[in-house]
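Topology and contacts: notes
The chain contents come next:
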Amino acid sequence: MPWKAISPIEVYKLLPKTNCKKCGEENCMAFAVKLVNMETKLELCTPLLEEAKYKKSYEQLKEMLTPPVREVELRSDKKVVKIGGEYVLHRHELTYINPPPIAIDVDDTMSKEELIKRINFAESFRYTYIGRQLTLDLIAVRSVSNDPEAFKKTVNFVASNTSLPLVLCTLNPKVMEAGVSALPNGKPLLYAATKDNWMEMADIALKNKLPLAVFSPGDLDMLVSLAKTLLNMGVSEIALDPGTFVGFNGLRTTIDAFTMLRWKACNEDYDLAGWPLIGTPITAWKMVDGDSQTKAWWEMITASMLIIRYADLLIMHSLEGWVYLPLVMLRFNIYTDPRKPVAVEPGLRIIGNPNEMSPVMLTGNFALTYYIVSGDIEAGKVDCYLLLADTEGIAVECAVPGRKLLPDNVAEILKSSGIEKKVKHRILIIPGKAARLAGDIEDATGWRVLVGPLDSKDIPKFIEEKWKPENIKKLMES
Amino acid sequence: MAENDKTEVLSAKIWDLLKKYGEIVLEDVEIEVDELELIFQPGVPVAIAKPVAKAVEVVKKLVEEKFKEPEMEWTGKIVEVKIGATKSEGGTRDRTFIIGGETLPAFYMFKGIMPHPPVIAMDVFDMKIKLPKSIRMHFEDVMEDPAEWAKRCVEKYGADMINLHLVSTDPYIKDTPPSEAAKVVEEVLQAVKVPLCIGGSGDPVKDVEVFKKVVDVAEGERILLNSLNLDMKLEDIAEYLKNKDVVIIAFTPMDLDKARELNRKLYDYVSKDRIVMDTNIAGIGYGLEYGFTVMERARLAALKGDTDLQHPIAAGVTNAWAAREAWIKMDPFWGPKEIRGPAWETITGLTALLAGADYFMMMHPYSIRTMKEIIKNLLEGSPGKAEDIYDWVSAKLG
Ligand code: SF4
């Protein structure tokens, strides 16, 4: 069955019902509503955890609220990264929960300089998008040497030079054991158990209470057999890698595998598929012929498809900003909660130190529009008033044909914002993309409309050229 | 906006109920469970408790398990739409394309391969327009000549079709009269032998006049008209197109209800197999998630039997270039714009591909090449061989 909402009443029934507010909510019912909306954590209801009489209820609730794709936490001393925890196959059915972290690989034959270079790339990668910081998330340490000592040394070095949680990658249990021993704290993901090494790998995972990935490229029977075996052995957290094939020889296998696994987990309650999926676009570096730019290109392309098709963690090799920039933005977009429009409050924003003859500009309240337009205006050091019309969080180019930027709403916002008291003129600069509405806005508002540039980066130039006393006078008199 | 479709939002459902049964005040009130049950009658099944088999066993043998393919049933089918006409069909094209016909969500290859591969068309404009440098460099010398531009796309870059945009007809740009615009269409029809898609300027009044002239000069060629929308006088233009051999793109701005409404209006004039829908897509970072989800929902609804949405989907992937990251100069850390641009366009295209799009309007040669390669990999590729990647963890990579 596809995911169905749990009734908050069912949840409420199992809560202590004392309305003690320890969870931060007004009462148990409000907490229940938040719980089923995934807006809070069960563990915040401390009485449930602490009092013996609630033990059974707690366990029942935990079971009830467990998502079809189990959530696994990876940790370093400083950071926590969650993978999986998904409820639905398609984001419109609810929302996707945990954006897939991207791990940058290093290996144990690299020099210290190279390790530092790669770690720094992952650590310092940062892009600001609509006020959020988009980052890279993990370091995957691979054993190329196949030497336990070398791996241990590298893991140790990496761990002491990064704040990011790790993925330890080797198929050799002896090497894995050495790597784990270098990490007394933290909770890395062990990659991976295969048909050849599962018994020893399971031992390591069990002994150290660590999550273990299962790697079975191109063989889903083996993948779920391994998953079942490990779980039977008591490994409490696993992740599944059905193999990332790049290009003609297997991309199809990969897209099918990810799709089937996630379908089975979300729509058929198939437990063994209900674990985070690992994509390894890094295999492009093995499978694609050509120079490093070509390999990086196909690694990026493969990663983008896996972000859309259900990967919960990606391991990658490129060290190019252009590879990751579209990926982190795509990931942010796809994991945006469709229940909440990406909007900012409509109304008046004052930029710089405007006076009574400063320009008044109009735009929509799509968060991105606002951040870009205000950023451009600030960068151009233009003092002005910026009016955000309520376009229901939609970009201007869509709001115009979609009738979300209506002349009447513009008239409304001119009134309610109090701008009429702030400026002496009555000239409104509208986005170039809304040029079509110029006449209607004039009719609805009684203001004169000046059509601004198509792109907000041209605003400073536009103001410099057009916003001159003689022009203003002319416009007001015409 | 479909994304905010409150009927699918759990919390909204609850609060609606609460409003309806206004007697409940949550603040500081202890609610008796039994009372609530009476009022709510939740009826929503609680997720079935999953067995927790956690007893540690000593396992020496692999527990064998068969992976069973997903079970699913789809009752709807996307109509097949034919674009273009060859000599024997009354046109002058060398070939035609059929899009649509799907009975499965996009790229569920374990259940079956899509009946008609997606079509990649390249954009051409009827005047020199502002384009990002990384696109312009491929067309600089032909941008004054739409016929040559179209030729370049087909001959050098392998475009399946040409999207000719008559932007100069825009009253705010050049206000080119319809008869002159139609001449350009004739020239392009002469220059290339692939089927054409002809777009207007987006002005709902002017486009009606332009489209009438265009379909007259392209009579018999079964062109794809880009596009009809709810702002146009449909009783005028759709009526005019009724008995012409032309296929229509029905455009709506990321809104499924509007998509249904427009399609239903068009059914009064043209048969279903003459409608392709464009639910609108935006580039990465510029509203991609809205476009993606509307497209995915449209396709899934169609396959579940919504007869108002059973049309092939067109995607204006070129919109990706509206993202500044695709064309501005950035700190060298982010790489040259010459590669960011195609990356943006390609990934936006792939997003639409995986959501179910059939017809792609694109611009950058490298994006188009990559898209074609991915489509080939997916539709014709061979199964992955474990040995190709089994040792990736221990491989020394460049
Ligand atoms: S902490 Fe628990 S018992 Fe207290 S109000 Fe919150 S949900 Fe109710």
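Note that the structure is a prediction, hence the values are computed from the model and not measured.

Rules used in this analysis
Residues numbered from 1 in each chain as written. Chains lettered and ligands numbered in written order. Predicted model: local features only at pLDDT ≥ 70, side-chain atom pairs only at ≥ 80, totals over all residues. Heavy atoms only, no water. Helix = DSSP H or I, 4+ residues; strand = E, 2+ residues; numbered from the N terminus. Buried < 20%, exposed > 50% of the residue type's maximum accessible area, 1.4 Å probe, protein only. Contact = heavy atoms within 4.5 Å. Near = heavy atom within 4 Å. Nonpolar A, V, L, I, M, F, W, Y, C, P; charged D, E, K, R; others polar. Polar contact = N/O pair within 3.5 Å; in protein donor to acceptor, adjacent residues only side chain to side chain. Pairing = 2+ DSSP bridges. Axes fitted to C-alpha atoms, helices over the stretch in contact; angles between N-to-C directions. Buried area = accessible area lost by both parts, 1.4 Å probe. Salt bridge = Lys/Arg side-chain N within 4 Å of Asp/Glu carboxyl O. Expected span 1.5 Å × (residues − 1). Arc of directions from axis to C-beta. Right-handed = clockwise from strand over helix to strand, strands pointing away. Lys, Arg positive; Asp, Glu negative; His and termini not counted. Domains from an automatic or database assignment. Parallel < 35°, antiparallel > 145°, perpendicular 65-115°, else oblique. Left-handed = near helix turned anticlockwise from the far one by under 90°. Phe/Tyr/Trp six-rings, centres within 6.5 Å; stacked < 30°, edge-to-face > 60°. Lys NZ or Arg CZ within 6 Å of the ring centre and 35° of its normal. 1 Å grid on protein atoms, 1.4 Å probe; cavity = no way out; pocket = protein on both sides within 12 Å on 5 of 7 lines; lining within 4 Å. Points joined across faces, edges and corners; volume = space filled by probe spheres on them. Patch = residues over 30% accessible without salt bridge, like charges linked within 9 Å, V, L, I, M, F, W, Y side chains within 5 Å. Areas by Shrake-Rupley, 256 points an atom, 1.4 Å probe, with all protein chains shown as cover. Charge placed at Lys NZ, Arg CZ, Asp CG, Glu CD.

Thoughts on the overall build of chain B
Within chain B, the regular secondary structure consists of 12 helices and 10 strands. Each of the 398 residues in chain B was classed as buried or not, and the buried ones make up 61%. Within chain B, contacts between residues at least 6 apart in sequence are counted, and of these 70% link residues at least 24 apart.

Some thoughts on the site of the ligand
In the region of the ligand, the neighbouring residues are Pro-16, Thr-18, Asn-19, Cys-20, Lys-21, Lys-22, Cys-23, Cys-28, Phe-31, Cys-45 and Pro-47 of chain A. Tallied by class, the residues present in the shell around the ligand amount to seven nonpolar, two polar and two charged.

Regarding the side chain of Thr-86 of chain B
Residues and elements named next belong to chain B. Checked against the element boundaries, Thr-86 lands in the loop between strand 1 (80-83) and strand 2 (97-100). For Thr-86, the side chain forms a polar contact with the side chain of Ser-88, separated by 3.3 Å. Discounting chain neighbours no more than four positions away, the residues touching Thr-86 are Gly-91, Thr-92, Arg-93, Asp-94, Arg-95 and Thr-96.

What to know about the sheet that holds strand 17 (residues 448-451) of chain A
Residues and elements named next belong to chain A. Here five strands make up an open sheet; going across it, the order is 13-15-14-16-17 and the pairing mixed. Single-partner strands in this sheet number two, and they are strand 13 (347-351) and strand 17. For this sheet, the mean angle separating the axes of adjacent strands, direction not counted, is 30°. Relative to strand 15 (residues 384-389), strand 13 runs antiparallel, the two sharing five bridges. Among the inter-strand pairings, Arg-349 is bridged to a residue of strand 15, identified as Leu-386. Along the sheet face, helix 14 (residues 367-379) touches strand 13, strand 14 (360-364) and strand 15 and points at about 170° away from the line of strand 15.

Considerations on the interface of chain B and chain A
Between chain B and chain A, the residue contacts involve 121 residues of the former and 130 residues of the latter. Carbon and sulfur atoms make up 64% of the surface buried where chain B meets chain A, a total of about 11500 Å² over both sides. Linking chain B to chain A there are six salt bridges. Among the ionic pairs, Asp-455 of chain A bridges to Arg-324 of chain B, the shortest N-O distance being 2.7 Å. The interface formed by chain B and chain A includes 42 residue pairs in polar contact (both at pLDDT 80 or more). If you list the elements that add at least two residues to the side of chain B that touches chain A, you get helix 1 (10-20), helix 2 (33-40), helix 9 (288-303), helix 10 (337-355), helix 11 (365-380) and helix 12 (386-389) of chain B. Considered class by class, the residues forming the side of chain B that touches chain A number 70 nonpolar, 18 polar and 33 charged.

A few points about helix 6 (residues 148-161) of chain A
Residues and elements named next belong to chain A. Here helix 6 spans 20 Å end to end across 14 residues, near enough to the 20 Å set by a 1.5 Å rise per residue. When we look at burial in helix 6, the residues that qualify are Ala-150, Phe-151, Thr-154, Val-155, Phe-157 and Val-158. Angular distribution of buried residues about the axis of helix 6 spans 165°; they occupy a single face of the element. Across from the buried face of helix 6, at angles greater than 90 degrees, the exposed residues are Glu-149, Lys-153 and Ser-160. At its buried positions, helix 6 is contacted by strand 3 (102-107), helix 5 (112-124), strand 6 (138-142), strand 7 (166-169) and helix 7 (173-181). Two to three positions downstream of the cap, the backbone nitrogen of Glu-149 sits 3.1 Å from a side-chain oxygen, assigning the N-cap of helix 6 to Asp-147.

A look at the pairing of strand 6 (residues 224-228) of chain B
Residue and element names in this part refer to chain B. Counted residue by residue, strand 6 has five buried out of five residues, so it is predominantly covered. Relative to strand 6, strand 5 (residues 196-199) runs parallel, the two sharing three bridges. Across the sheet, Cys-197 pairs through a bridge with Leu-224, a residue of strand 6. Note that the unit made of strand 5, helix 6 (residues 204-217) and strand 6 has a crossover that is right-handed. Pairing between strand 6 and strand 7 (residues 247-251): four bridges, direction parallel.

Observations concerning the side chain of Asp-203 of chain B
Relative to the helices and strands, Asp-203 of chain B is located in the loop between strand 5 and helix 6. Buried and unpaired, Asp-203 of chain B has Arg-436 of chain A as its nearest opposite-charge partner, separated by 4.4 Å. A distance of 2.9 Å separates the side chain of Asp-203 of chain B from the backbone nitrogen of Lys-206 of chain B, its partner in a polar contact. Beyond its immediate stretch of four places on either side in the chain, Asp-203 of chain B contacts Arg-436 of chain A together with Pro-171 of chain B.

Side note on the domain arrangement of chain A
How big an interface is tends to be expressed through the accessible area that disappears when the partners come together. Assigned domains within chain A: domain 1 (8-65), domain 2 (71-334) and domain 3 (347-477). Between the C-alpha centres of domain 1 of chain A and domain 3 of chain A the distance comes to 48 Å.

Points about helix 13 (residues 321-334) of chain A
In this model, helix 13 of chain A (14 residues) spans 20 Å end to end at C-alpha, consistent with the 20 Å of a helix rising 1.5 Å per residue. Along helix 13 of chain A, 14 of the 14 residues are buried, which leaves the element largely enclosed by surrounding structure.

So, unusual backbone geometry
Backbone torsion omega between Tyr-191 of chain A and Ala-192 of chain A reads 5°, so that peptide bond is classified as cis. Summarising the element assignment, Ala-192 of chain A is placed in strand 8 (residues 189-193). At the junction of Asn-226 of chain B and Ser-227 of chain B, the peptide bond is cis and its omega measures out at 10° in the coordinates. Among the secondary structure elements, Ser-227 of chain B is positioned in strand 6. Backbone geometry places Asn-280 of chain B, a non-glycine residue, at a positive phi of 80°. Tracing the sequence through the fold places Asn-280 of chain B in the loop between strand 8 (275-278) and helix 9. With a relative accessible area of 8%, Asn-280 of chain B lands in the buried category.

Considering the packing of helix 9 of chain B against helix 10 of chain B
Residue and element names in this part refer to chain B. Following both chains from N to C, one finds helix 9 and helix 10 inclined at 20°, their axes separated by 8 Å at the closest point. Relative to helix 10, helix 9 is oriented roughly parallel. The handedness of the crossing between helix 9 and helix 10 comes out as right-handed. Residue-level inspection shows Leu-288, Phe-292, Met-295, Glu-296 and Arg-299 of helix 9 in contact with helix 10, the latter providing Thr-348, Thr-351, Ala-352 and Ala-355. A class-by-class count of the residues in the contact of helix 9 with helix 10 yields five nonpolar, two polar and two charged.

Concerning the packing of aromatic side chains
All told, the structure shown has 24 aromatic pairs over all chains when counted by the stated rule. When the centroid spacing of 5.8 Å and the interplanar angle of 75° are considered together, the rings of Phe-139 of chain B and Tyr-157 of chain B count as edge-to-face. Separated by 18 residues along the polypeptide, Phe-139 of chain B in the loop between helix 3 (133-136) and helix 4 (146-156) and Tyr-157 of chain B in the loop between helix 4 and strand 4 (161-165) bring together distant segments of the chain. Judged on exposure class, the residue Phe-139 of chain B and its partner Tyr-157 of chain B are both buried. By way of ring pairs, the aromatic residues Phe-121, Phe-125, Tyr-127 and Tyr-324 of chain A together with Phe-333 and Trp-334 of chain B are connected into one cluster. Cation over ring: Lys-264 of chain A sits above Phe-67 of chain B, and NZ or CZ is 5.8 Å from the ring centre.

Comments concerning empty space enclosed by the protein
Residues and elements named next belong to chain A. This model, assessed by the stated rule, comprises eight cavities of 30 Å³ or more. Roughly 70 Å³ of volume is contained in the second largest cavity. Forming the boundary of the second largest cavity are 14 residues, of which Cys-20, Lys-21, Cys-23, Cys-28 and Cys-45 lie nearest the centre. Here the residues of the lining of the second largest cavity sort into seven nonpolar, three polar and four charged.

Here we look at the environment of Val-185 of chain B
Here Val-185 of chain B is to be found in helix 5 (residues 178-191). Excluding its chain neighbours within four sequence positions, the residues that come into contact with Val-185 of chain B are Leu-164, Leu-166, Leu-196, Ile-198, Val-214 and Val-217 of chain B.

Digging into a negative patch on the surface
Residue and element names in this part refer to chain B. On the surface, Glu-144, Asp-145, Glu-148, Glu-155, Glu-186 and Glu-187 cluster together to form a negatively charged patch. If you list the elements that add at least two residues to the negative patch, you get helix 4 and helix 5. Checked against the element boundaries, Glu-155 lands in helix 4. Taking the relative accessible area as the measure of exposure, Glu-155 reaches 61% and is therefore exposed.

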